[in-house]
Amino acid sequence: MKLSDAERTAALAGLPGWKMVDGRDAIEREFRFADFNAAFGFMSRAALQAEKLDHHPEWSNVYNRVHVVLSTHDAGGLTAKDVALAGFMNGLLPPAS
């Protein structure tokens, strides 16, 4: 089920770095890493979780950057699945120093 406006606002408040995609009911974030190896490692760990959730991201990788867009296609927009996967991805990052 798609998130209500209030649920969407609350979810984004708890997902640092994520924002709404212009013209779509989806969220996006660009992750930056030290190098390609670190970016690919992030994608590998995220892919394993996505497979467990049966919820797969739209993403692209160029060297040390990974751009991710999340939306639940069969629901026609943003759902709790997207929020859960975004939170998992954020949790893969090292703590800020």
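The structure displayed is predicted, hence computed values, not measured ones.

Pairing geometry for strand S1 (residues 19-20) and strand S2 (residues 27-32), over two bridges, is antiparallel. Paired with Lys19 across the strands is Glu28, a residue of S2. Counting the residues in the hairpin turn of S1 and S2 gives six residues, including Gly23, whose phi is positive at 80°. Bridging between S2 and strand S4 (residues 65-70) involves six bridges; their strand directions are antiparallel. The partner of Phe31 across the bridge, within S4, is Val66.

The subject of this paragraph is the nonpolar core. Of all hydrophobic cores here, the largest spans 19 residues; its most connected members are Trp18, Phe31, Val66 and Met89. Put simply, the parts of the chain that give this core at least two residues each are S2, helix H2 (36-53), S4 and helix H3 (80-91). When residues in this core are grouped by element, the largest group, five residues, is from H2. With residues up to four places along the chain from it excluded, the contact list for Val66 reads Arg29, Glu30, Phe31, Phe33, Ala39, Phe42, Met43, Trp59, Ser60 and Asn61.

Right, let's talk about the packing of aromatic side chains for a bit. Describing an aromatic ring pair means giving the distance of the ring centres and the angle of the ring planes. Scanning the entire structure with this criterion turns up five aromatic pairs. Centroid distance Phe31 to Phe33: 6.4 Å. Interplanar angle 20°. Geometry classified as stacked. Residue class for Phe31 comes out buried when judged on its relative accessible area of 2%. By relative accessible area, Phe33 is classed as buried at 14%. Taken together through their ring pairs, the aromatic side chains of Trp18, Phe31, Phe33 and Phe42 make up a single cluster.

The rules behind these values
Residues numbered from 1 in each chain as written. Predicted model: local features only at pLDDT ≥ 70, side-chain atom pairs only at ≥ 80, totals over all residues. Heavy atoms only, no water. Pairing = 2+ DSSP bridges. Helix = DSSP H or I, 4+ residues; strand = E, 2+ residues; numbered from the N terminus. Core = buried A, V, L, I, M, F, W, Y, C linked by side-chain atoms within 4.5 Å. Buried < 20%, exposed > 50% of the residue type's maximum accessible area, 1.4 Å probe, protein only. Contact = heavy atoms within 4.5 Å. Phe/Tyr/Trp six-rings, centres within 6.5 Å; stacked < 30°, edge-to-face > 60°.

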